[in-house]
Amino acid sequence: MEACGAATVGRDRGGPAQPLLSVRSLVKHFGGRRSWGGRGIRGAVHAVDGVSFDVAKGQTLGIVGESGCGKSTLARLIMQIIPADAGELLFDGEVVGAHALDLVAYRREVQMVFQDSYASLNPRLTLQETIAFGPRVCGHSRAEARERAQSVLRLVGLDPALFARRYPHELSGGQRQRVNIARALAMGPRLLILDEAVSALDKSIEAQVLNLLQELKARLSLTYVFISHDLNVVRFMSERVLVMYLGKVVEVGPVDRIYDSPRHPYTGALLSSRLSMNPKQRRTVPPLSGEPPSLIDPPSGCRFRTRCALAEGVCVAVAPSLAAQGEDHFAACHAATPGSGHGAAAA
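So, a few notes on the structure that sits alongside this text. (Residues numbered from 1 in each chain as written. Predicted model: local features only at pLDDT ≥ 70, side-chain atom pairs only at ≥ 80, totals over all residues. Heavy atoms only, no water.)

### Regarding the pattern of salt bridges
Should their charged atoms come close, side chains of opposite charge can pair.
Here is step 1: Scanning the entire structure with this criterion turns up 13 salt bridges.
Here is step 2: The partner of Asp49 in a salt bridge is Arg303, and the shortest N-O contact between them spans 2.4 Å. Residue Asp49 is located in strand 4 (residues 45-55), and its partner Arg303 is located in the loop between helix 10 (265-272) and helix 11 (313-317); the two are separated by 254 residues in the primary sequence. Taken individually, Asp49 and Arg303 each receive the classification buried, so the pair is uniform in this respect.
Here is step 3: Among the ionic pairs, Lys203 bridges to Asp230, the shortest N-O distance being 2.9 Å. Highlighted residues: Lys203 in helix 7 (residues 203-220) and Asp230 in the loop between strand 10 (223-227) and helix 8 (231-237), separated in sequence by 27 residues. (Salt bridge = Lys/Arg side-chain N within 4 Å of Asp/Glu carboxyl O. Helix = DSSP H or I, 4+ residues; strand = E, 2+ residues; numbered from the N terminus. Buried < 20%, exposed > 50% of the residue type's maximum accessible area, 1.4 Å probe, protein only.)

Put into structure tokens, the structure is as follows:
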């Protein structure tokens, strides 16, 4: 399927080795007021603080973390639904918003599927009108947009003869989410951001949609940013995983390496929270205690130190940076970084 309009020009600019998406030091704070001295902002919510990562072409990056850690805010920053306070986005080597890749061209390349399948559809439009809206805005004729809408409906397993003239309230949750996926695909994107796209579905329907996403990825050479609370689903879908805590990236790396041998204490606690199917291995003690600190006044140094059993003085004084833990595996933990000054780290 071709991209909408001029988006087909200059695709795959840097070859397969160049990341499709590069996020550099992205920052987003909400609210707050300027201090009396005018030197800073007080009371702001630190939703995303200095997040950096790459997504390779054809890869699925899973993003996990507790509610409120900044996953959905990060997705909206990547999609440019909300503006960043600082940082930079590069898409296939081009700076997003620059002359070579303006916001209109970027949004043809990147689309998003939201968690609430009903709220993200216009109740006054038929499914065909909803899906055809994007191509029409891009300059396609009414007939071309209608044909494209019917084509993507077939692609997601919905017969246009039965569904094209229906309204959102006439569909099940799984069917509505398929329509949302079809609407995103109608623009011919290279990257899909899936923000809790299957969390509201029954397990049997969820499995069908996940298999559909895998098939579409292979068929259309798509790249995914997949956000979910379900750690088992993330492992099934992803090649790499990024773990967030209080607006920061605490660990990122290949999915098997992170799931089998996590290096950050928070990642280990998060994975330990998964339910076991073996009644003899049921957990009686929670892997973490206490509530996450306030994003208005996050702790100094390591933000996880207030809940971490390994916390020492260096964790209070110095904020850890992502350090290599193996090939393409990074963790922001003093205890896992040699020479950090932590008692558990090698010299």
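Anyway, onward from the coordinates.
### Overview of the sheet that holds strand 11 (residues 240-245)
Here is step 1: Judged by pairing direction, the sheet is mixed, and its eight strands sit side by side in the order 8-9-10-5-11-12-14-13 without closing on themselves. On the outer flanks of this sheet lie strand 8 (110-113) and strand 13 (323-326), each paired with one strand and no other. The sheet shows a mean angle of 20 degrees between the axes of neighbouring strands, taken without regard to direction.
Here is step 2: Sheet topology note: the strand 5 (residues 60-64)/strand 10 ladder contains four bridges and is parallel. Bridge pairing links Leu61 to Val225 in strand 10.
Here is step 3: Each of strand 8 and strand 9 (191-195) touches helix 6 (residues 173-185); the most contacted strand, strand 8, lies at about 170 degrees to it. (Pairing = 2+ DSSP bridges. Axes fitted to C-alpha atoms, helices over the stretch in contact; angles between N-to-C directions. Contact = heavy atoms within 4.5 Å.)

### Notes on the nonpolar core
Here is step 1: If you look at the biggest cluster of nonpolar residues, it comprises 56 residues, and the most contacted ones within it are Leu185 and Leu216.
Here is step 2: Contacts of Leu216, omitting those with residues within four sequence positions, involve Leu155, Val156, Ile181, Leu185, Ser221, Leu222 and Tyr224.
Here is step 3: Judged by nonpolar contacts, the second largest core, of 31 residues, contains Leu21, Val23, Leu61 and Val252. (Core = buried A, V, L, I, M, F, W, Y, C linked by side-chain atoms within 4.5 Å.)

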